[in-house]
Amino acid sequence: MFDEGQLYSPVTTGEDGTVEVHLADNHPGLHDPAYRARRSHIAAAAINAPAGTVPVIDYTEDEHRIWRLCQEQLAPKHEKYAHSEFLAAKHRLRLPTDHVPQLDQVSARLRPLTGWGYRAAPGLVPLREFYADLGARTFNSTQYLRHGSEPLYTPEPDIIHEVIGHGNQLASARFARLTEAAGRASLRLETEDAMKFVADVFWFSMEFGVIKEHGEVKAYGAGILSSFGEMDEFGHMEHRGLDLADMGTLAYDITEYQPVLFCAESLDELDDVVGAFFDTVDDDLTECLRARAAHR
Ligand SMILES: [Fe+2]
């Protein structure tokens, strides 16, 4: 789903304070100077915003067009492929369909539902920081949009992934609790191996998780539900039962559609297995689970 083996385009700040976003060689916006300047402008806004504030982005008509198109195209796919828990949350959150919302506006809608809010990020947030914020019900989000030439595709998480994927998910009290629990787990972990293990379980649950409902496999992962391609494909992939040792150690390629997905039998099973794991995991448990996976 995400290209180039990295989730986010690197952002650098020069000695003179100039912020630059470095797009990958095959990024659709690479040869569009206006898009590159726009990306750097939006990243700079997040970097230069006073602490505790989220910059207001003056979105262009083309950016609103991309948001509108994605909302229109994603809606019928959500109705068809998303688990009812996600759909109910989405209908409660009622994100705008005709314009890109400001992150503060999304937070204002989310807070009364589940207590979550958004913080603006210029690009990649270090793993520990990202998870610590999840533990405080704060979601770090980029504010840029994908390139207009390929509005249904993005090589990296843009505001459409962060808000239409994660925001709708976080409007569910159950998914919000699981996400917060993953964040709080990070505070108990000392080793980077343990942190990676938890992040991988998160990848195969809150990003790419699927779940049975009325005899069908439905998606609840934000990575699937913000991607046109993944929604068409996930039903044909290999679906394994929830197995923490497998989820925390299975190698995956972020540039491809996920060929192996972990399917919960029900929301209760997701809570009992993944939720209980996030609630109790420490370094020792991740080592035990790694050893178990290695001895299979
Ligand atoms: Fe994500």
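Residue numbering note: each chain is counted from 1, following its sequence as written. Local features are withheld for residues below a pLDDT of 70 in this predicted model, meaning they are given only at 70 or higher, and side-chain atom pairs are given and counted only at 80 or more; totals for whole chains, interfaces and linings count all residues. Hydrogens and water molecules were not included; the side-chain quantities draw on all heavy atoms of the structure.

- Per an unreviewed UniProt entry, the protein chain carries the name Putative phenylalanine hydroxylase and comes from Phycicoccus elongatus Lp2.
- Per UniProt, the comment on the protein chain under Sequence similarities (unreviewed entry) is "Belongs to the biopterin-dependent aromatic amino acid hydroxylase family."
- UniProt's Cofactor (unreviewed entry) comment on the protein chain is quoted here verbatim: "Fe(2+)". UniProt positions are given in the numbering used here, feature names are shortened, and annotations may be inferred rather than shown by experiment.

### Comments concerning the confidence of the model for the protein chain
- Looking at the protein chain as a whole, its pLDDT mean stands at 95, while 98% of the residues score no less than 70.
- In predicted models, pLDDT denotes the confidence assigned by the predictor to each residue on a 0 to 100 scale. The contact criterion used is simple: two residues touch if any of their non-hydrogen atoms lie within 4.5 Å. In this model, residues 1-5 is a region of pLDDT below 50 whose contacts with residues beyond four sequence positions or in other chains number 30 contacts.

### Details of the coordination of the iron ion
- Only N, O and S atoms count as donors, using a 2.8 Å cut-off from the metal and 3.2 Å for Na, K and Ca, and because water is excluded some sites may appear unfinished. With distances of 2.1 Å, the protein atoms coordinating the iron ion are His161 (NE2), His166 (NE2) and Glu207 (OE).
- Motif for the iron ion, donor spacing along one chain: H-x4-H-x40-E. Taken together, the positions of His166 in helix α6 (residues 159-170) and Glu207 in helix α8 (residues 192-207) put the pair 41 residues apart, joining distant regions of the chain.
- Relative accessible area decides the class of each residue, using a 1.4 Å probe on protein chains only: under 20% of the type maximum gives buried, over 50% gives exposed, and in between gives partly exposed. Given the relative accessible area of 2%, His166 is considered buried. Working definition: helices are DSSP H or I runs of at least four residues, strands are E runs of at least two. Numbering for both runs from the N terminus.

### So, the packing of aromatic side chains
- Each pair of aromatic rings taken from Phe, Tyr and Trp, with Trp reduced to its six-membered ring, is defined by centres within 6.5 Å and is described as stacked if the planes are under 30 degrees apart, edge-to-face if over 60, and tilted in the remaining cases. All chains considered together, the criterion is met by twelve aromatic pairs.
- Summarising the aromatic geometry, the rings of Phe130 and Phe139 are spaced 5.5 Å apart at their centres and angled 80 degrees between planes, so their arrangement reads as edge-to-face. Accessibility assignment for this pair places Phe130 and Phe139 in one class, buried.
- Members of the aromatic cluster, each reached through a chain of ring pairs, are Tyr118, Phe130, Tyr131, Phe139 and Phe202.
- Above the plane of the ring of Tyr144 lies Arg39, whose end atom (NZ or CZ) is 3.5 Å from the centre. Sitting over a ring, as applied to charges here, requires NZ of Lys or CZ of Arg to be within 6 Å of the ring centre and within 35 degrees of the ring normal.

### Remarks on the pairing of strand β3 (residues 117-120)
- Strands pair, by our definition, only if DSSP identifies at least two bridges between them. Sheet analysis places β3 next to strand β4 (residues 138-141), joined by four bridges and oriented parallel. Residue pairing across strands places Gly117 opposite Thr138, the latter belonging to β4.
- The handedness of a crossover follows from its direction of travel: if, with the strands pointing away from the viewer, the path from the first strand over the helix to the second runs clockwise, the crossover is right-handed. You can see the chain leave β3, run along helix α5 (residues 127-135) and come back into β4, and the turn it takes is right-handed.

### A word on the sheet that holds strand β7 (residues 238-241)
- If you trace the four strands from one edge of the open sheet to the other, you get β6-β5-β8-β7, paired in mixed fashion. The sheet is open, and its two edges are formed by β6 (216-219) and β7, each paired on a single side. Going from strand to strand, the sheet's axes swing by 45 degrees on average, the running direction of each strand aside.
- Relative to strand β8 (residues 260-264), strand β5 (residues 210-213) is paired through two bridges, and the arrangement is parallel. When the sheet's bridge partners are listed, Ile211 is paired in β8 with Ala264. Only the stretch in contact is used when fitting a helix axis, every axis being a line fitted to C-alpha atoms; angles between N-to-C directions are given from 0 to 180 degrees.

### Focus on the UniProt feature "binding site: Fe cation" (unreviewed entry) in the protein chain
- Taking the numbering used here, the UniProt-annotated feature "binding site: Fe cation" (unreviewed entry) corresponds to His161, His166 and Glu207. Of the residues just listed, which span 47 residues, no C-alpha pair is farther apart than 10.2 Å, and they cluster in one region.
- Leave out the neighbours within four places in its chain, and His166 touches Tyr118, Phe139, His161, Glu207 and Ala222.
- Within the structure, the side chain of His166 is placed 3.2 Å from the side chain of His161, a separation counted as a polar contact.
- Owing to a relative accessible area of 12%, Glu207 belongs among the buried residues under this scheme.
- A distance of 3.0 Å separates a polar atom in the side chain of Glu207 from a polar atom in the side chain of His166. Pairs of N or O atoms within 3.5 Å make up the polar contacts considered here, provided that, within protein, one atom can donate a hydrogen while the other can accept it, and that residues adjacent in sequence are counted only when both atoms are side-chain atoms.

### Regarding unusual backbone geometry
- At Arg137, a position not held by glycine, the phi torsion is positive, near 55 degrees.
- Here Arg137 shows up in the loop between α5 and β4.
- The phi angle at His214 is positive, at roughly 50 degrees, despite the residue not being glycine.
- Looking at the secondary structure, you find His214 in the loop between β5 and β6.

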